[in-house]
Amino acid sequence: MFAKCFLVTLVLGGAAIAADDHASPVTFSKDVLPILQKNCQTCHRPGQIAPMSFLTYKETRPWAKAMKVAVASRKMPPWFADPQVGRFLNDHSLKPTEIETIAKWANTGAVEGDPKDMLAAVNWPDGWQIQPDVIVRGPVVDIPAHPKNDVIEWMSVTVPTGFTKDTWVTSVQIKPEHPAVAHHICLGFNAHTADVTYFEPVWQDKERDTEGSAIPSKGATFGPATPGGRFTSMAEDCYLPGNPVADYREFQAAKLVPAGSDITLNLHYTPNGTAVTDHVQVGFTIAKEPPQRRYVSLSTSAPMDATHFAIPPNDGNWQSPPADVTFDQDVELVYMMPHMHFRGKDMKYTLVYPDGRKEVVLSVPHYDFNWQLGYSTSVKVPKGTKLHVDAHFDNSPNNKFNPNPSRTVYYGEMTWEEMMFPFFGVVVDKDVDPKKILLGRGPIPGGA
Ligand code: HEC
């Protein structure tokens with residue numbers, strides 16, 4: 001018996017090695033590292049937002065079981081679009097085979113394998129990913145040395161662009177100095193108004209006490225007069241760990257920022273135990289001449305008045321009135337970003353074409369307020385098409401983010417109020433007047 005085996009191995013040496021290979025366990029070096037490089041290390045490396053690094057075997061090994069759970073439940077990487085619907089250019093969710101590889105690796109001892117199998121380490125960009133022509137100084141934010149995962153309040157800050165003439169920008173990078181604590185930063189462009197104080201933070205999370213709490217009267221509308229009321233354009237572009245920089249050159253397009261515009265930034269930091277001061281900068285590349293196509297950031301909303309928008313206490317599945325807009329031009333829909341607050345539960349974007357055909361282009365069945373994710377796509381949308389957006393809210397105690405299930409929740413910019421505010425981006429021919437993209441719309445919220 002023994003002799004026979006020995007003989008076979010000796011004679012069919014090559015084949016035996018191949019068979020062995022096949023039976024060998026999934027290894028870090030050969031199978032797992034490529035997935036981590038592609039889908040995880042943008043956040044899971046030193047100085048970035050995730051609490052642990054997955055650069056090396058040694059760092060990763062203790063997390064094997066947790067990784068298996070996190071990827072199987074699709075908690076990681078954060079990505080909330082229903083995979084059955086739509087097609088997204090920035091989709092970095094794992095394929096089922098990749099989830100299987102990580103699960104197998106964790107189940108079979110999470111071995112290292114042969115370091116010779118390893119791909120070269122990724123040279124992660126540190127700092128500017130574009131070569132900015134202009135850098136605008138953003139806010140300076142002190143992050144306290146609170147423990148990891150402690151919540152610190154959201155805030156918004158307005159700064160001047162300093163643009164003295166109308167400017168076609170081709171890419172925008174929001175650059176925090178300390179990515180480790182910058183959970184996300186979104187910005188929008190606004191015409192300057194006299195009431196704005198530059199560099200002064202407006203806090204978003206403090207629920208006013210019963211006396212101070214302004215509960216809107218029936219029929220009242222929520223508008224820019226509300227404290228810090230610049231919500232309509234605060235998410236044209238976002239810094240989000242793991243997401244690429246907003247680069248309109250991909251669409252052979254540019255965005256027009258009018259002379260004298262302000263930038264309003266919406267900032268969310270997560271402390272990590274060390275006090276730091278973050279200096280935020282915003283870099284732009286600028287078109288030498290007007291582009292062929294124009295990128296326009298748009299948004300819509302459910303009705304904001306208290307008659308239509310009032311989420312009852314303890315309601316776990318309140319259906320918001322929909323947000324509807326109709327395109328009055330041919331456009332290419334290239335970007336969608338659902339925006340709700342703590343009680344946001346799900347959101348669905350549906351195109352209703354002029355011939356009545358319906359196409360769901362984004363469905364986020366489990367919205368998570370903590371991740372302001374944007375979804376890039378490319379859908380040709382003919383004039384006359386309607387964008388119809390549905391959303392539900394969870395004001396029950398089962399929603400772990402709910403600060404107070406016994407309160408009726410109205411529309412408002414503060415995070416303890418609610419918003420049903422779908423953002424989207426389109427590309428149009430450069431000669432199209434952005435005010436005429438949507439039917440019956442005057443000045444465009446969130447648009448330049
Ligand atoms: C966009 C940033 C980002 C990406 C990409 C990302 N992570 Fe994370 N990950 C985080 C952050 C932040 C945390 C800690 C907070 C949390 O658990 O939400 C975390 C936590 C984890 C945890 C701990 C989970 C737990 O329940 O405690 C695991 C395991 C993990 N990530 C694995 C992965 C894997 C594997 C990938 C790639 C397939 C990945 N992550 C991609 C940001 C990211």
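The structure under discussion appears in the preceding block.
Before going into details, it helps to say that this report is about the structure given with it. (Residues numbered from 1 in each chain as written. Predicted model: local features only at pLDDT ≥ 70, side-chain atom pairs only at ≥ 80, totals over all residues. Heavy atoms only, no water.)

The next thing to look at is the overall build of the protein chain. Along the protein chain, the regular secondary structure elements total six helices and 21 strands. Sorting the 448 residues of the protein chain into buried and exposed places 50% on the buried side. Partitioning the intrachain contacts of the protein chain with sequence separation of at least 6 by distance along the chain shows that 83% fall at a separation of at least 24. Put simply, the protein chain shows about 21300 Å² of open surface, and 56% of that area lies on carbon and sulfur atoms. (Helix = DSSP H or I, 4+ residues; strand = E, 2+ residues; numbered from the N terminus. Buried < 20%, exposed > 50% of the residue type's maximum accessible area, 1.4 Å probe, protein only. Contact = heavy atoms within 4.5 Å. Areas by Shrake-Rupley, 256 points an atom, 1.4 Å probe, with all protein chains shown as cover.)

By nearness alone, 21 residues border the ligand, and Cys40, Cys43, His44, Lys75 and Met76 come closest of all. At a separation of 2.7 Å, a nitrogen atom of the ligand approaches a polar side-chain atom of histidine 44. Of the residues forming the shell around the ligand, the biggest block, four residues, is contributed by helix H5 (residues 64-72). When grouped by side-chain class, the residues that make up the shell around the ligand number 17 nonpolar, three polar and one charged. (Near = heavy atom within 4 Å. Polar contact = N/O pair within 3.5 Å; in protein donor to acceptor, adjacent residues only side chain to side chain. Nonpolar A, V, L, I, M, F, W, Y, C, P; charged D, E, K, R; others polar.)

Turning our eyes to something else, we now look at the state of the cysteines. The final tally for this structure, using the stated rule, is one disulfide. Each sulfur of the disulfide joining cysteine 186 and cysteine 238 lies 2.0 Å from the other. Residues cysteine 186 and cysteine 238 share a disulfide whose torsion about the S-S bond is about 100°; that sign makes it right-handed. Separated by 52 residues along the polypeptide, cysteine 186 in strand S4 (residues 182-190) and cysteine 238 in strand S6 (residues 237-239) bring together distant segments of the chain. Take cysteine 186 and cysteine 238: they sit in the same class, and that class is buried. (Disulfide = S-S within 2.5 Å.)

The next subject is the coordination of the iron atom of the ligand. Tetrahedral metal sites with four donors have an ideal angle of 109.5 degrees; octahedral sites with six donors have ideal angles of 90 or 180 degrees. On the protein side, the iron atom of the ligand has His44 (NE2) and Met76 (SD) as donor atoms, found 2.0 to 2.3 Å from it. Coordination at the iron atom of the ligand comes from six donor atoms whose angles at the metal span 83 to 180°, giving a geometry best classed as octahedral. Placement of histidine 44 in the loop between helix H3 (28-39) and helix H4 (57-60) and of methionine 76 in the loop between H5 and helix H6 (96-107) is noted, with a sequence separation of 32 residues between them. Note on methionine 76: relative accessible area 29%, which makes it partly exposed. (Donors = N, O, S within 2.8 Å, 3.2 Å for Na, K, Ca; no water. Tetrahedral: all angles 85-135°; square planar, octahedral: opposite > 155°, others 65-115°.)

At a closest axis distance of 9 Å, the pairing of H5 and H6 adopts a crossing angle of 155°. In terms of axis orientation, H5 runs roughly antiparallel to H6. H5 and H6 meet at a crossing whose hand is left-handed. Across the interface between the two elements, Ala64, Lys65, Met67, Lys68, Val71 and Ala72 from H5 touch Ile99, Ile102, Ala103, Trp105, Ala106 and Asn107 from H6. (Axes fitted to C-alpha atoms, helices over the stretch in contact; angles between N-to-C directions. Parallel < 35°, antiparallel > 145°, perpendicular 65-115°, else oblique. Left-handed = near helix turned anticlockwise from the far one by under 90°.)

Glancing now at the packing of aromatic side chains. Under the definition given, this model contains 16 aromatic pairs. Where phenylalanine 163 meets phenylalanine 284, the ring centres are 5.3 Å apart and the plane angle is 65°; that geometry is what we call edge-to-face. Of this pair, phenylalanine 163 sits in the loop between strand S2 (155-160) and strand S3 (167-175) while phenylalanine 284 sits in strand S10 (residues 276-286), placing them 121 residues apart in sequence. Here the aromatic residues Phe309, Trp318, Phe393 and Tyr411 are joined through ring pairs into a cluster of three or more. (Phe/Tyr/Trp six-rings, centres within 6.5 Å; stacked < 30°, edge-to-face > 60°.)

This next bit is on the pairing of strand S17 (residues 358-364). Both strand S16 (residues 344-352) and S17 contribute to a ladder of six bridges, which runs antiparallel. If you follow valine 352 over to S17, its bridge partner there is lysine 358. In textbook terms, the turn of a hairpin is the stretch between consecutive antiparallel strands, and for S16 and S17 this stretch comprises five residues, one of which, glycine 356, has a positive phi near 95°. (Pairing = 2+ DSSP bridges.)

Here methionine 76 and proline 77 are connected by a cis peptide whose omega angle stands at -15°. For proline 77, the position within the fold is in the loop between H5 and H6. Phi at arginine 74 is positive, roughly 60°, even though this residue is not glycine. Position of arginine 74 among the secondary structure elements: in the loop between H5 and H6. Residue arginine 74 is classed as partly exposed on the basis of its relative accessible area, which comes to 36%.

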